[in-house]
Amino acid sequence: MAIKYWEFEDAPLKEKLKSVNVRSLAKIFFENETEAYRFSALLLEVKKKGKMRLKEAPPHIPIATAKRYLDYAVQVGLLKHEGGAYELTDRYTKPFKNIAIYIKAWMDNQGEEDLGIEFANARLEKQSKRGGRYKTAGEGQNPQAADTESYDRSKAV
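Residues numbered from 1 in each chain as written. Predicted model: local features only at pLDDT ≥ 70, side-chain atom pairs only at ≥ 80, totals over all residues. Heavy atoms only, no water.

Colleague: Help me out: how do you make sense of the nonpolar core in this one?
Modeller: Formed by 21 residues in total, the largest nonpolar core has its most connected members in Phe29, Phe39, Leu42, Leu70, Leu78 and Leu79. Listing elements by their share of this core, those giving two or more residues are helix H2 (22–29), helix H3 (33–49) and helix H4 (63–76). (Core = buried A, V, L, I, M, F, W, Y, C linked by side-chain atoms within 4.5 Å. Buried < 20%, exposed > 50% of the residue type's maximum accessible area, 1.4 Å probe, protein only. Helix = DSSP H or I, 4+ residues; strand = E, 2+ residues; numbered from the N terminus.)

Colleague: Is there a simple way to think about the sheet that holds strand E3 (residues 85–88) in this case?
Modeller: Backbone-to-backbone hydrogen bonds join strands into a sheet, with any given pair of strands oriented parallel or antiparallel. Pairing is antiparallel across the open sheet formed by three strands, whose spatial order is E1-E3-E2. Whereas interior strands pair on both sides, the edge strands pair on one side only; in this sheet they are strand E1 (51–53) and strand E2 (79–82). Recorded for the sheet is a direction-independent mean angle of 30° between the axes of neighbouring strands. Strand contacts of H3: E1, E2 and E3, with the helix running at about 125° to E1, the strand carrying the most contacts. With respect to the sheet, H4 is in contact with E1, E2 and E3, its orientation differing from that of E2 by roughly 110°. (Pairing = 2+ DSSP bridges. Axes fitted to C-alpha atoms, helices over the stretch in contact; angles between N-to-C directions. Contact = heavy atoms within 4.5 Å.)

Colleague: What is the right way to read the packing of H2 against H3 from this model?
Modeller: Helix packing geometry: the angle between the two helix axes and the distance between the axes. Interaxial distance between H2 and H3 falls to 9 Å at its minimum, and their mutual angle equals 125°. By the angle between their directions, the pair H2 and H3 is classed as oblique. As H2 runs across H3, the sense of the crossing is right-handed. Counting all contacts with H2, which are made through Val22, Arg23, Leu25, Ala26, Lys27 and Phe29, the residues of H3 involved are Glu33, Ala36, Phe39, Ser40, Leu43 and Leu44. Of the residues that constitute the contact of H2 with H3, the class distribution is eight nonpolar, one polar and three charged. (Parallel < 35°, antiparallel > 145°, perpendicular 65-115°, else oblique. Left-handed = near helix turned anticlockwise from the far one by under 90°. Nonpolar A, V, L, I, M, F, W, Y, C, P; charged D, E, K, R; others polar.)

Colleague: Mind showing me how you'd approach the environment of Ser40 here?
Modeller: Positionally, Ser40 belongs in helix H3. Distance in space between the C-alpha atoms of Ser40 and Ser24 is 9.4 Å, their sequence separation being 16 residues. For Ser40, the residues in contact, after removing those within four places along its chain, are Val22, Arg23 and Ala26.

Colleague: How do you make sense of the packing of H3 against H4 when you look at a structure like this?
Modeller: Look at H3 against H4: their axes get within 10 Å of each other, and the N-to-C directions meet at 75°. By the criterion of interaxial angle, the relationship of H3 to H4 is roughly perpendicular. Taken together, the residues of H4 that come into contact with H3 (itself represented by Glu35, Arg38, Phe39, Leu42, Leu43 and Val46) are Thr65, Ala66, Tyr69, Leu70, Tyr72 and Ala73. For the contact of H3 with H4, the per-class residue count stands at nine nonpolar, one polar and two charged.

Colleague: Explain the pairing of E2 to me, please; I cannot follow it from the model alone.
Modeller: On a regular strand, one side chain projects to one face of the sheet and the next to the other, so that they alternate. Bridge count for E2 against E3 is four bridges, and the pairing is antiparallel. In the strand pairing of E3, Lys80 is matched with Glu87. In this structure, the hairpin formed by E2 and E3 is closed by a connection of two residues, where Gly83 is found at a positive phi of approximately 65°.

Written out as C-alpha coordinates, the structure is:
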(Lines give C-alpha, C1' and ligand atoms only; values in the text may rest on other atoms or scores of the structure.)
Protein backbone atom coordinates (compact mmCIF):
# COMPACT_ATOMS: atom_id res chain seq x y z
CA MET A 1 0.00 0.00 0.00
CA ALA A 2 1.19 3.45 -0.82
CA ILE A 3 -0.49 5.64 1.77
CA LYS A 4 1.09 9.06 1.53
CA TYR A 5 0.13 10.32 4.96
CA TRP A 6 0.84 13.97 4.17
CA GLU A 7 -1.94 13.95 1.57
CA PHE A 8 -4.42 13.09 4.32
CA GLU A 9 -3.39 15.67 6.92
CA ASP A 10 -5.91 18.44 7.65
CA ALA A 11 -5.17 21.10 5.02
CA PRO A 12 -4.42 18.79 2.04
CA LEU A 13 -7.40 16.61 2.96
CA LYS A 14 -9.76 19.60 2.89
CA GLU A 15 -8.58 20.36 -0.65
CA LYS A 16 -8.93 16.72 -1.73
CA LEU A 17 -12.45 16.52 -0.31
CA LYS A 18 -13.56 19.29 -2.69
CA SER A 19 -13.13 16.93 -5.64
CA VAL A 20 -13.10 13.31 -4.53
CA ASN A 21 -12.42 10.65 -7.15
CA VAL A 22 -11.71 6.97 -7.38
CA ARG A 23 -8.19 7.59 -8.73
CA SER A 24 -6.95 8.90 -5.37
CA LEU A 25 -8.48 5.90 -3.67
CA ALA A 26 -6.93 3.41 -6.09
CA LYS A 27 -3.51 5.08 -5.86
CA ILE A 28 -3.50 4.26 -2.13
CA PHE A 29 -3.54 0.57 -2.96
CA PHE A 30 -1.67 0.44 -6.30
CA GLU A 31 1.21 2.54 -7.61
CA ASN A 32 1.07 0.90 -11.04
CA GLU A 33 -1.23 2.89 -13.34
CA THR A 34 -2.76 -0.19 -15.03
CA GLU A 35 -3.53 -1.93 -11.75
CA ALA A 36 -5.01 1.28 -10.33
CA TYR A 37 -7.18 1.69 -13.46
CA ARG A 38 -8.57 -1.85 -13.29
CA PHE A 39 -9.24 -1.54 -9.57
CA SER A 40 -10.97 1.82 -10.16
CA ALA A 41 -13.10 0.50 -13.01
CA LEU A 42 -14.35 -2.36 -10.87
CA LEU A 43 -15.06 -0.13 -7.87
CA LEU A 44 -17.01 2.27 -10.08
CA GLU A 45 -19.11 -0.58 -11.49
CA VAL A 46 -19.95 -1.76 -7.99
CA LYS A 47 -20.82 1.81 -6.97
CA LYS A 48 -23.08 2.34 -10.02
CA LYS A 49 -24.95 -0.94 -9.72
CA GLY A 50 -25.09 -1.18 -5.92
CA LYS A 51 -24.35 -4.91 -6.16
CA MET A 52 -22.29 -6.55 -8.86
CA ARG A 53 -21.83 -10.19 -9.74
CA LEU A 54 -18.55 -11.32 -11.23
CA LYS A 55 -20.13 -12.05 -14.62
CA GLU A 56 -21.26 -8.39 -14.77
CA ALA A 57 -17.66 -7.12 -14.73
CA PRO A 58 -16.68 -4.69 -17.50
CA PRO A 59 -15.89 -6.55 -20.75
CA HIS A 60 -12.40 -5.00 -21.09
CA ILE A 61 -11.29 -6.64 -17.81
CA PRO A 62 -10.83 -10.44 -17.85
CA ILE A 63 -12.99 -12.35 -15.36
CA ALA A 64 -10.00 -13.84 -13.51
CA THR A 65 -8.43 -10.40 -13.15
CA ALA A 66 -11.74 -8.92 -11.98
CA LYS A 67 -12.08 -11.66 -9.36
CA ARG A 68 -8.55 -11.03 -8.10
CA TYR A 69 -9.12 -7.27 -7.75
CA LEU A 70 -12.59 -7.63 -6.23
CA ASP A 71 -11.33 -10.17 -3.71
CA TYR A 72 -8.49 -7.79 -2.84
CA ALA A 73 -11.07 -5.02 -2.27
CA VAL A 74 -12.93 -7.38 0.07
CA GLN A 75 -9.68 -8.20 1.87
CA VAL A 76 -8.82 -4.53 2.48
CA GLY A 77 -12.38 -3.69 3.55
CA LEU A 78 -13.81 -1.64 0.69
CA LEU A 79 -16.30 -4.27 -0.48
CA LYS A 80 -18.19 -7.17 0.99
CA HIS A 81 -18.98 -10.38 -0.87
CA GLU A 82 -22.25 -11.96 0.14
CA GLY A 83 -24.66 -14.05 -1.87
CA GLY A 84 -22.37 -14.14 -4.89
CA ALA A 85 -22.42 -10.35 -5.29
CA TYR A 86 -19.94 -7.63 -4.37
CA GLU A 87 -21.16 -4.42 -2.75
CA LEU A 88 -19.64 -1.38 -1.02
CA THR A 89 -19.15 -1.48 2.72
CA ASP A 90 -17.75 0.83 5.37
CA ARG A 91 -15.25 -1.01 7.50
CA TYR A 92 -12.77 1.86 7.81
CA THR A 93 -14.42 4.69 9.72
CA LYS A 94 -14.62 3.15 13.19
CA PRO A 95 -11.42 1.02 13.10
CA PHE A 96 -9.23 3.88 11.82
CA LYS A 97 -10.63 6.15 14.50
CA ASN A 98 -9.82 3.50 17.10
CA ILE A 99 -6.32 3.01 15.70
CA ALA A 100 -5.69 6.75 15.94
CA ILE A 101 -6.91 6.76 19.57
CA TYR A 102 -4.67 3.78 20.40
CA ILE A 103 -1.60 5.39 18.79
CA LYS A 104 -2.23 8.63 20.70
CA ALA A 105 -2.62 6.71 23.98
CA TRP A 106 0.65 4.87 23.33
CA MET A 107 2.45 8.16 22.66
CA ASP A 108 1.13 9.62 25.92
CA ASN A 109 1.95 6.50 27.98
CA GLN A 110 5.19 6.90 29.97
CA GLY A 111 5.52 3.24 31.06
CA GLU A 112 8.56 1.09 30.25
CA GLU A 113 8.20 -1.67 27.69
CA ASP A 114 10.36 -4.79 27.39
CA LEU A 115 10.68 -5.80 23.73
CA GLY A 116 12.24 -9.12 24.72
CA ILE A 117 8.96 -10.11 26.34
CA GLU A 118 6.72 -8.50 23.72
CA PHE A 119 8.49 -10.26 20.83
CA ALA A 120 9.63 -13.47 22.47
CA ASN A 121 9.91 -15.42 19.21
CA ALA A 122 11.71 -12.75 17.16
CA ARG A 123 15.12 -13.58 15.70
CA LEU A 124 17.65 -11.15 17.13
CA GLU A 125 20.89 -12.35 15.49
CA LYS A 126 22.09 -11.18 12.11
CA GLN A 127 21.29 -13.40 9.17
CA SER A 128 24.15 -15.39 7.71
CA LYS A 129 25.42 -14.29 4.32
CA ARG A 130 23.72 -16.09 1.43
CA GLY A 131 25.86 -14.99 -1.47
CA GLY A 132 27.48 -11.98 -3.00
CA ARG A 133 31.06 -10.90 -2.51
CA TYR A 134 33.07 -11.93 0.48
CA LYS A 135 35.09 -9.41 2.43
CA THR A 136 38.87 -9.20 2.04
CA ALA A 137 41.28 -10.50 4.69
CA GLY A 138 41.36 -7.19 6.57
CA GLU A 139 37.56 -6.97 6.79
CA GLY A 140 36.84 -10.61 7.56
CA GLN A 141 37.14 -13.92 5.74
CA ASN A 142 34.95 -16.34 3.92
CA PRO A 143 34.09 -19.14 6.36
CA GLN A 144 34.70 -21.75 3.61
CA ALA A 145 38.09 -20.32 2.71
CA ALA A 146 39.42 -19.59 6.19
CA ASP A 147 42.94 -20.90 5.39
CA THR A 148 43.61 -18.39 2.58
CA GLU A 149 44.49 -14.70 2.96
CA SER A 150 41.65 -13.43 0.76
CA TYR A 151 39.09 -15.04 -1.42
CA ASP A 152 38.08 -13.75 -4.84
CA ARG A 153 35.06 -15.55 -6.33
CA SER A 154 35.89 -14.43 -9.88
CA LYS A 155 39.21 -16.37 -9.74
CA ALA A 156 37.69 -19.48 -8.17
CA VAL A 157 36.07 -20.69 -11.41
